[in-house]
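Structural features, examined
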Amino acid sequence: MTETLVSTEPATGDQVWSGPVGDAAAEVAAARAAWPEWAAHSVTFRIETLRRFANVVRAKEIEFAELVARETGKPYWEAKTEVASVINKVEISVNAYSQRTPTSRLEAAMGNKVTVRHKPHGVLAVLGPYNFPAHLPNGHIVPALIAGNTVVFKPSEKTPATGEYLVKCFHEAGVPEGALRLLIGGPAEGKALAAQAGIDGLLFTGSVGAGMALHRQFAETPNKILALELGGNNPIVVWDQPDLQSAATIIVQSAYLSAGQRCTAARRLIVEDGQHEELVAEICKLIDRIIVDHPMADPQPFMGPVIDLVTADILQDRFIALMMKGGKPIRRLERPHEERPYLTPALIDMTDAKDRLDEELFGPVLQLIRVKSFDAAIDEANNTRFGLAASVLTKSPKLYDRFWANVRSGVINWNKPTNGAPSNAPFGGVGFSGNHRPSAFYAADYTAYPVTSVEAESTRAVIGEGLRDVHVATDDA
């Protein structure tokens, strides 16, 4: 009997979608069979196909955004920005491929040429997350297809409808069904896909636990590319900043957009002890005004629910754990509707807590930490295994320079939210936030590999050293 996967709306509990669980081996085999033909097409052909994909999504923008909003619970306005990012990713990836993987030719000795070109890996697996179920996997799929790879995409088991819709748009645009395969399933199917001998690499966005498991698994296969983006315990520092209203706005955007379900969301607010009261008051004014509601509600909410009831329960348990360690709630993590995963934005002072948790609380929880000096603020910002995003809010360029030079992070912003990472720049982190395979504009780097060729138009060769002299026999007669 075929197993069925069901997706429900976080906001209502209503069923969004259902479909059969797939077979990883069969999907990889189909992608492998399709790879030679797809790779044999010119890059111009593949780019034009993906430009048609962008047009297909553009024509379905409203319908696509409604589906994303329903399945994730994020506000409709935010879902529309995600679909727009799917469209824009094509031209960004075209430019990235041109800049990151150009063909170059150099002159060498004796009239030879040295040429550097790039080739696709083959079959790439993509494991997608639920928080941006269209944009983030699309950021792997588009560069992979442009480079000439075929792809097996497994969306999160929490957002399969969005994953299926995305793949159908690719196929409608002319991407062959074999070149992009959809694998529906849960963690078991994800593990099975990662273990397939027929894949040449895996591109993953998700939790550090899953990423570490993949890293261990791929240690035995150095011939396969592995790109990991694993989130963060991101700091936002406020120092020497007179515009407290703007600072509070940036902090709220950093911590609570997408109900805190962004890998770049601010988790730790680091401020000067004794100079923090007015800033906290401004933050609380905004928190108290935040609308938490159904994604299609009018007026539109700032936040919807988190992805499901299990996630809401875990976040509530972790908030209690913060209090048990000595945290002092300023705004509690409330559950307005016990039967649904709505949570209110939380702010908790962890300055005097012992053994603070160094983990990614993937929800609307911001921890306040007060320090005595800017050096201590930098030390606290670095007090984490992660290193994805960081921001400093200050009027002082010198303080920003010190912050940039000393904080370990892949994204470092000045007077901007932690989650302000543009798609036309590289995106990735250090520490437990990734494995030095930045995505976004640099995705071209891990979807193709360079090949160096020394070339000559004719076959000419001599050996100058190490050969015995040739003695010609003579006739003495």
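Just so it is clear, the model here is predicted, and its values are computed rather than measured. (Residues numbered from 1 in each chain as written. Predicted model: local features only at pLDDT ≥ 70, side-chain atom pairs only at ≥ 80, totals over all residues. Heavy atoms only, no water.)

Description of the sheet that holds strand β5 (residues 123–127)
In plain terms, the rule: When DSSP locates at least two bridges between a pair of strands, those strands are taken to pair. A run of H or I in DSSP becomes a helix once it reaches four residues, and a run of E becomes a strand once it reaches two; helices and strands are each numbered from the N terminus. Note on geometry: axes are lines fitted to C-alpha atoms, helical ones only across the stretch in contact, with angles between N-to-C directions running from 0 to 180 degrees.
With parallel pairing, the 5 strands of this open sheet are ordered in space as β7-β6-β5-β8-β9. Sheet topology places β7 (180–182) and β9 (225–229) at the edges, where each strand pairs with a single neighbour. Between one strand axis and the next, the sheet turns by 15° as a mean value, whatever way the strands run. Alignment of β5 against strand β8 (residues 201–205), held across 4 bridges, turns out to be parallel. Its bridge partner lying in β8, Ala125 is registered against Leu202.

Looking at helix α12 (residues 374–381)
Using the following cut-off: Whether a residue is buried, partly exposed or exposed follows from its accessible area with a 1.4 Å probe, protein chains only, as a fraction of its type maximum: under 20%, in between, or over 50%, in that order. By arc we mean the arc of the directions from the helix axis to the C-beta atoms, nothing more. Residues count as neighbours in contact if any of their non-hydrogen atoms are within 4.5 Å of one another.
Residues of α12 that are buried: Phe374, Ala377, Ile378, Glu380 and Ala381. For α12, the buried positions fall inside an angular range of 160° around the axis, keeping them on one side. The inward-facing, buried residues of α12 contact β10 (234–238), β11 (266–272), β14 (365–371), β15 (389–393) and α13 (397–406).

A look at the layout of surface pockets
What counts here: The rule is simple: put a 1 Å grid over the protein atoms alone, call a set of points where a 1.4 Å probe fits but cannot get out a cavity, call an open set with protein on both sides within 12 Å along at least five of seven lines a pocket, and count a residue as lining if it has an atom within 4 Å of a point. Grid points are joined across faces, edges and corners, and a volume is the space filled by probe spheres set on the points. Under the grouping applied here, Gly and all other residues not named as nonpolar or charged are polar, the nonpolar ones being Ala, Val, Leu, Ile, Met, Phe, Trp, Tyr, Cys and Pro and the charged ones Asp, Glu, Lys and Arg.
Estimated volume of the largest pocket: approximately 990 Å³. Of all the elements, helix α8 (residues 208–218) adds the most residues to the lining of the largest pocket, at 6 residues. Residue composition of the lining of the largest pocket, grouped by class: 19 nonpolar, 11 polar and 8 charged. Looking at the second largest pocket, its volume works out to about 580 Å³. Around the second largest pocket sit 30 residues that line it, and Phe132, His135, Leu136, Ala421 and Ser423 are the ones nearest its centre. Of all elements in the fold, only α4 (76–100), α5 (135–147), β8, β9 and β18 (439–440) reach the threshold of two or more residues within the lining of the second largest pocket. Looking at the lining of the second largest pocket, the element that brings in the most residues is α4, giving 6 residues.

Concerning the pattern of salt bridges
Note the threshold: By salt bridge we mean one thing: a side-chain nitrogen of Lys or Arg within 4 Å of a carboxyl oxygen of Asp or Glu.
Scanning the entire structure with this criterion turns up 30 salt bridges. Residue Lys372 pairs with Asp273 through a salt bridge whose shortest N-O separation is 3.1 Å. Highlighted residues: Lys372 in the loop between β14 and α12 and Asp273 in the loop between β11 and α10 (277–289), separated in sequence by 99 residues. You can call Asp273 partly exposed: its relative accessible area is 25%. Note that Arg356 and Glu380 form a salt bridge whose closest N and O atoms lie 2.8 Å from each other. In this pair, Arg356 sits in the loop between β13 (346–349) and β14 while Glu380 sits in helix α12, placing the two residues 24 residues apart along the sequence. Judged by its relative accessible area of 26%, Arg356 is partly exposed.

Some thoughts on the packing of aromatic side chains
Counted only if it meets this: Only Phe, Tyr and Trp rings are paired, with Trp represented by its six-membered ring, and only when their centres lie within 6.5 Å; those with planes under 30 degrees apart are stacked, over 60 edge-to-face, the remainder tilted. In our convention, an over-ring charge means Lys NZ or Arg CZ found within 6 Å of a ring centre and within 35 degrees of that ring's normal.
One pass over the structure, following the stated rule, counts 6 aromatic pairs. For the ring pair Phe53 and Phe170, a centre distance of 3.7 Å and an interplane angle of 5° mean the geometry is stacked. A residue pair is termed long-range when its members are at least 10 positions apart, and Phe53 in helix α2 (residues 43–59) and Phe170 in helix α6 (residues 160–172) qualify at 117 residues. The buried category is assigned to Phe53, whose relative accessible area is 0%. Judged by its relative accessible area of 0%, Phe170 is buried. Aromatic side chains Trp239 and Phe374 sit 5.9 Å apart centroid to centroid with 65° between the ring planes, which places their arrangement in the edge-to-face category. Placement of Trp239 in the loop between β10 and α9 (244–256) and of Phe374 in helix α12 is noted, with a sequence separation of 135 residues between them. By the burial criterion, Trp239 is buried, and Phe374 matches it. Between the NZ or CZ atom of Lys74 and the centre of the ring of Phe132, over which it lies, the distance is 3.8 Å.

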